[in-house]
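Summary of structural features
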2 protein chains.
Amino acid sequence: MPEVDQIVAARLRPLGQRLTPRRRSLLEILRSARHPLTIHEILERGRGLAMSSVYRNLTVLEQAGLVHRVITREDFARYELAEELTEHHHHLICSGCGLVRDMPTDVRVERVMRSVMAGMPADVFTPQSHRIDVMGMCPDCVQRRERATQAKGGG
Amino acid sequence: MPEVDQIVAARLRPLGQRLTPRRRSLLEILRSARHPLTIHEILERGRGLAMSSVYRNLTVLEQAGLVHRVITREDFARYELAEELTEHHHHLICSGCGLVRDMPTDVRVERVMRSVMAGMPADVFTPQSHRIDVMGMCPDCVQRRERATQAKGGG
DNA sequence: TTGACAATGAGAACGACTCTTATTACGATT
DNA sequence: AATCGTAATAAGAGTCGTTCTCATTGTCAA
């Protein structure tokens, strides 16, 4: 995808950074993932990457606005492509297993959030962006819980 | 506030936990704070608390649904009273200094979030709650940045 | 008072992440 | 193509928030 390379290199250059093979493969790994990845998942998918390089390069790519560090209740971070390279979206977070899935954008939500942010007085806060997480259970964890309840109730 | 004590004890009992002096003072510290507190802020305010006890008791209180662990981009957690003891609310997070402030509930936002969550198919996700953070700049950081820009442009 | 068990606190252990440093790769200049 | 300056890399040590361990203390019930 040479077009993406253009965007990426253009974002890196002002920071005095290059688009190196490591960084290219990090971006490719994140692009091919269906959900935000942990460092360990990234290491699995990119054989031969040094952990310190992965951390360093993800930091660089984040500063360039190309990668977004996703914060969850897990005690480690996850990474995904920034919205400039994908689409604005939010997250579904399973409180059972910690799974993070992308949630499709909802026009009504975005409209009302835009309105709320625009209506905020500058002497209170100057909004730039927003993040929405819906917490709940993924289908697997719902099933797991149902089975556990049945086992208890039935025995 | 003996009424709160009732609620608190009732939430703790099913877990086989008591409302101890430590836990009472933790709740009081959180209640008297205007924003979610870090462990260190809690230790400052509650002289004589052991750090390990603070961590342990906050975990217990969180399991009892009385305290909420707030996740930010800072690399440490913050704690606040759970919504059962306060009000449903969201957060303004300053990307300059990390300050977290409560954002008053907006009826339109809640309505549309409720609708989105209710409309989610069960084979995709079973929503339980949501979290919204508005990222941006607090007035102090806006000023700081303006001064910095002026100094550069004017000098 | 005594027994059972929860609560406490000091510090060790854990793990995610960052920093240090020596080495290697790249781009521009001759 | 050789050289030089700088960015990039990787291994491992270091940092620090958080959790675990365990010996001791507090609390409730009989």
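For the structure, see preceding data.
For clarity, every value in this text was computed on a predicted model and none was experimentally measured. (Residues numbered from 1 in each chain as written. Chains lettered and ligands numbered in written order. Predicted model: local features only at pLDDT ≥ 70, side-chain atom pairs only at ≥ 80, totals over all residues. Heavy atoms only, no water.)

**Quick look at the nonpolar core**
Quick reminder of the rule: By nonpolar core is meant a set of buried Ala, Val, Leu, Ile, Met, Phe, Trp, Tyr and Cys residues that side-chain atoms within 4.5 Å join together. Only protein chains enter the accessibility calculation, which uses a 1.4 Å probe. A residue is then buried if its area is under 20% of the maximum for its type, exposed if over 50%, and partly exposed in between. Put simply, DSSP marks the helices as runs of H or I at least four residues long and the strands as runs of E at least two long, and each gets a number from the N terminus on. We call two residues in contact when some of their heavy atoms are within 4.5 Å.
If you look at the biggest cluster of nonpolar residues, it comprises 30 residues, and the most contacted ones within it are A:Val109, A:Met113, A:Val134, B:Val109, B:Met113 and B:Val134. Among the elements of the structure, strand S4 (90-94), helix H5 (107-118) and strand S6 (126-137) of chain A together with strand S4 (90-94), helix H5 (107-118) and strand S6 (126-137) of chain B are those that each provide at least two residues to this core. Those residues in contact with A:Val109 that sit more than four places away from it in its chain are A:Ile132, B:Val112, B:Met113 and B:Val116.

**Considerations on the side chain of B:Arg131**
As for its position among the elements, B:Arg131 is in strand S6. Exposure remark for B:Arg131: the relative accessible area of 11% places this residue in the buried category. Residue contacts for B:Arg131: discarding those within four places in its chain leaves A:Ile71, A:Arg73, A:Ile93, A:Arg131, A:Ile132, A:Asp133, A:Met135, B:Ile71 and B:His90.

**Re the relation of the copies chain B and chain A**
Condition: We place the copies in one frame by least squares, fitting the C-alpha atoms of every residue whose pLDDT is at least 70 in both.
In screw terms, the move from chain B to chain A is a rotation of 179° and a rise of 0.1 Å along the axis, fitting with an RMSD of 0.2 Å. These values place the two chain copies in the arrangement generated by a two-fold rotation axis. For chain B, the residue whose C-alpha comes nearest the rotation axis is B:Ile132, separated from it by 2.3 Å. When you check the interface residues of chain B against chain A, 100% turn up at the interface there too, and the contact is symmetric in its surfaces.

**Observations concerning the protein's contact with DNA strand D**
Our working definition: Whether a residue is near a molecule or strand is decided by its heavy atoms; if any one of them lies within 4 Å of it, the residue is near. By the criterion applied in these results, polar contacts are pairs of N or O atoms within 3.5 Å in which, for protein atoms, one can donate a hydrogen and the other can accept it, and in which residues neighboring in sequence qualify only through two side-chain atoms. We call Asp, Glu, Lys and Arg charged. Ala, Val, Leu, Ile, Met, Phe, Trp, Tyr, Cys and Pro are nonpolar, and the rest, Gly among them, are polar.
What surrounds DNA strand D is a group of 21 residues, the closest being A:Gln17, A:Arg22, A:Arg23, A:Ser53 and B:Tyr55. Counting only the atoms of DNA strand D that lie within 4 Å of the protein, the sugar and phosphate share comes to 75%. The side chain of A:Ser52 places a nitrogen or oxygen atom 3.0 Å from a base nitrogen of DNA strand D. Note that a phosphate oxygen of DNA strand D is positioned 3.1 Å from one of the side-chain N or O atoms of A:Asn57. Counting residues per element, the ones that place at least two in the surface near DNA strand D are helix H2 (21-31) and helix H4 (51-63) of chain A together with helix H3 (39-45) and helix H4 (51-63) of chain B. Among the elements that take part in the surface near DNA strand D, H4(A) stands out by supplying 4 residues, more than any other. In terms of residue class, the surface near DNA strand D is made up of 6 nonpolar, 9 polar and 6 charged.

**Description of the packing of H2(A) against H4(A)**
The angle between the axes and the distance between the axes are what describe a pair of packed helices. All names here are of chain A. Note the cut-off: For helices, the fitted axis covers only the stretch in contact; all axes are lines through C-alpha atoms, and the angles between them, taken along N-to-C directions, range from 0 to 180 degrees. What sets the label is the angle itself: under 35 degrees gives roughly parallel, over 145 gives roughly antiparallel, 65 to 115 gives roughly perpendicular, and the rest give oblique.
One way to put it is that H2 packs onto H4 with a least axis distance of 10 Å and a crossing angle of 80°. Between H2 and H4, the angle falls in the class roughly perpendicular. Taking contact as the criterion, the partners of Arg22, Arg23, Leu26, Leu27 and Leu30 in H2 are, on H4, Val54, Asn57, Leu58, Val60 and Leu61.

**Some thoughts on the sheet that holds strand S2 (residues 67-70) of chain A**
Residues and elements named next belong to chain A. What counts is decided by this rule: Here, strands pair whenever DSSP counts at least two bridges between them.
Strand order in the open sheet formed by 3 strands is S1-S3-S2, and the pairing between neighbours is antiparallel. Of all strands in the sheet, those with a lone pairing partner are strand S1 (37-38) and S2, marking the two edges. Where S1 meets strand S3 (residues 78-81), 2 bridges bridge the pair, whose relative direction is antiparallel. Residue pairing for S3: Leu37 is matched across the bridge by Tyr79. Packing against the sheet, H2 makes contact with S1, S2 and S3, and its axis sits at approximately 90° to S3. Seen against the sheet, H4 touches S2 and S3 and runs at an angle of roughly 110° to S2.

**Examining the interface of chain B and chain A**
Operational definition: The term buried area refers to how much accessible surface (probe radius 1.4 Å) is lost by two components on association, counted for both of them together. Salt bridge, as applied in this entry: a Lys or Arg side-chain nitrogen positioned within 4 Å of an Asp or Glu carboxyl oxygen.
Between chain B and chain A, the residue contacts involve 41 residues of the former and 41 residues of the latter. For the pairing of chain B and chain A, the buried interface totals around 3400 Å² over both sides, and the portion due to carbon and sulfur atoms is 57%. Among the residues of chain B in contact with chain A, B:Arg73, B:Phe125 and B:Arg131 are the three that bury the most area, contributing 22% of the side total. Summed over the shared surface of chain B and chain A, the result is 4 salt bridges. Along the contact surface separating chain B from chain A lie 18 residue pairs in polar contact (both at pLDDT 80 or more). Tallying contributions element by element places S6(B) first for the side of chain B that touches chain A, with 12 residues. Counted by class, the side of chain B that touches chain A contains 22 nonpolar, 9 polar and 10 charged residues. Sheet analysis places S6(A) next to S6(B), joined by 11 bridges and oriented antiparallel. What sits directly across from A:Arg131, in S6(B), is B:Asp133.

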